[in-house]
Amino acid sequence: MRESMEVSDPAALRAIAHPLRQKLLMQLAVMEHARAADLARAVGEPANSVSFHLRVLAKAGMITEAPEHARDKRDRVWTPVAQSYDVKPDAGNAAELILRPTIDWLSDVFAHTSHEAARGGRTFMLTTLLLTRDEAATLVHELAEVLTRWADRSLADSRAEPDVAREVYQTLLAVAPRDDPRGDRDTDDAGTTGGSEAAAR
């Protein structure tokens with residue numbers, strides 16, 4: 001399994017944009033290899049629906065069969081091809097496929113966030129800072145380190161304690177000059193034009 005897969009092909013973009021397929025990729029990262037029935041139990045979805053979404057992921061080249069773990073030739077066992085998936089913002093219609101569903105999700109988080117919800121792990125934060133480009137680059141680096149550390153920790157903990165109930169949480173990190181409508185596309189000193197990692201790590 002390689003460390004990262006760049007997602008730029010339209011089929012892969014459509015595959016990874018679906019929230020259930022993101023959950024399946026995460027569960028496969030935890031389980032390392034699994035059958036549709038195993039994943040259906042893990043995500044609480046019908047096995048036939050999960051099988052369909054696995055075929056979509058396989059066609060997009062994001063998962064592959066693992067025959068060495070199969071009981072016989074009819075037994076289909078799946079494994080991820082990468083630990084993480086790097087979505088390039090300028091890849092095809094990535095904004096339409098990835099960003100719009102994310103904005104819908106973010107709107108729902110904003111609408112349902114309260115002090116009680118925040119204590120349960122749901123929050124919405126919008127912070128305005130006055131930074132130099134170097135300071136912004138440092139901020140992006142530090143935030144990315146925190147998210148990477150937690151991603152690695154959650155994966156390790158999920159593997160070590162498979163019976164502990166866990167939910168799929170997502171974070172959205174955007175750092176860019178607020179007054180620049182281009183998002184400062186010509187430079188990436190502060191990390192504003194980098195890709196976005198999705199699903200499994």
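Sequence order sets the numbering: in each chain, residues are counted from 1 along the sequence as written. Local features are withheld for residues below a pLDDT of 70 in this predicted model, meaning they are given only at 70 or higher, and side-chain atom pairs are given and counted only at 80 or more; totals for whole chains, interfaces and linings count all residues. Side-chain metrics in this entry use all non-hydrogen atoms of the structure; hydrogen atoms and water are not considered.

Asker: Which residues make up the pairing of strand β4 (residues 82-87), and what are the values?
Answerer: Walk down a regular strand and you will see the side chains alternate between the two sheet faces. For β4, the tally of buried residues reaches 5 of 6 residues, placing the bulk of the element in the interior. Each pair of strands is called paired provided DSSP finds at least two bridges between the two strands. We count a stretch as a helix when DSSP gives it H or I for four or more residues in a row; a strand needs E for two or more, and each element gets its number in order from the N terminus. Bridging between strand β1 (residues 2-7) and β4 involves 5 bridges; their strand directions are parallel. Considered in β4, the bridge of Val7 is made with Val87. Relative accessibility under 20% of the residue-type maximum defines a buried residue, over 50% an exposed one, and the middle range a partly exposed one, all with a 1.4 Å probe and only protein chains included.

Asker: Pulling in residues and values, what's your account of the confidence of the model for the chain?
Answerer: Across the chain, the average pLDDT comes to 84, with 85% of residues at or above 70. Known as pLDDT, the predictor's confidence for each residue is given on a scale from 0 to 100. By the convention used here, residues are in contact when the closest approach between their heavy atoms is within 4.5 Å. This stretch, residues 184-201, has a pLDDT under 50; its non-local contacts, to residues over four places away or in other chains, come to 49 contacts.

Asker: An account of the packing of helix α2 (residues 19-31) against helix α4 (residues 47-59) is requested, with residue identities and associated values reported.
Answerer: With axes taken as lines fitted to C-alpha atoms, and helix axes fitted only over the stretch in contact, angles between N-to-C directions fall between 0 and 180 degrees. Relative orientation of the contacting elements α2 and α4 amounts to 80°, with a least axis distance of 10 Å. If you check the angle between α2 and α4, you find them roughly perpendicular. Contacts between α2 and α4 pair Leu20, Arg21, Leu24, Leu25 and Leu28 from the former with Ser49, Val50, Phe52, His53, Leu54, Val56 and Leu57 from the latter. Ten residues, namely Ala, Val, Leu, Ile, Met, Phe, Trp, Tyr, Cys and Pro, are considered nonpolar, four, namely Asp, Glu, Lys and Arg, are considered charged, and the remaining ones, Gly among them, are considered polar. Residue composition of the contact of α2 with α4, grouped by class: 9 nonpolar, 2 polar and 1 charged. Roughly parallel here means an angle under 35 degrees, roughly antiparallel means over 145, roughly perpendicular means 65 to 115, and every remaining angle is called oblique.

Asker: Pulling in residues and values, what's your account of helix α1 (residues 10-17)?
Answerer: In an α-helix, one full turn covers 3.6 residues, which means residues spaced three or four apart are oriented alike. Regarding α1, the residues found buried are Ala12, Leu13, Ala15, Ile16 and Ala17. What qualifies as a polar contact is a pair of N or O atoms within 3.5 Å, subject to a donor-acceptor requirement within protein and to the restriction that residues adjacent in sequence count only when both atoms come from side chains. At the N-terminal end of α1, a side-chain oxygen is found 2.9 Å from the backbone nitrogen of Ala11, two or three residues along, and the residue is Asp9.

Asker: Can you break down the pattern of salt bridges residue by residue, with the values?
Answerer: Basic side-chain nitrogens of Lys or Arg form a salt bridge, by our definition, when they fall within 4 Å of a carboxyl oxygen of Asp or Glu. For the structure shown, the criterion picks out 7 salt bridges. Across the pair Arg153 and Asp157 runs a salt bridge, and its minimum N-O distance is 3.6 Å. Separated by 4 residues within a single helix, Arg153 and Asp157 lie in helix α7 (residues 133-160), roughly one turn from each other. Taking relative accessible area as the criterion, Arg153 reaches 44% and is therefore assigned partly exposed. Overall, Asp157 belongs to the partly exposed group, its relative accessible area being 28%.

Asker: Which residues make up α7, and what values go with them?
Answerer: By this rule the span expected of a helix is its residue count minus one, scaled by 1.5 Å. For α7, built from 28 residues, the straight-helix expectation of 40 Å at 1.5 Å per residue is met to within 8% by its first-to-last C-alpha distance of 40 Å. Along α7, the positions that sit buried rather than exposed are Ala136, Val140, Leu155 and Ser158. Tucked into the core, α7 has its buried residues touching α2.

Asker: Could you give an account of the nonpolar core, with specific residues and numbers?
Answerer: Counting residues in each nonpolar core, the largest one holds 30 residues, and the members touching the most others are Val7, Ile16, Leu24, Val50, Leu54, Met62 and Tyr85. For this core, the elements supplying multiple residues, two or more each, are β1, α1, α2, α3 (36-43), α4, β4 and α5 (94-112). At 5 residues, α1 tops the list of elements feeding residues into this core. Residues contacting Met62, with those up to four places away along its chain left out, are Met5, Val7, Ala12, Ala15, Ile16, Leu25, Leu57, Pro80, Val81 and Tyr85. Side-chain atoms within 4.5 Å are what join buried Ala, Val, Leu, Ile, Met, Phe, Trp, Tyr and Cys residues into a set we call a nonpolar core.

Asker: Tell me about the packing of α2 against α3, and name the residues and values.
Answerer: One way to put it is that α2 packs onto α3 with a least axis distance of 10 Å and a crossing angle of 110°. Judged by the inter-axis angle, α2 sits roughly perpendicular to α3. For the pair α2 and α3, the crossing hand works out as right-handed. Judged by residue contacts, Leu20, Lys23, Leu24, Gln27, Leu28 and Met31 of α2 engage Asp38, Leu39, Ala42 and Val43 from α3. Take the far helix as your reference; a near helix turned counterclockwise from it by less than a right angle gives a left-handed crossing, and one turned clockwise gives a right-handed crossing.

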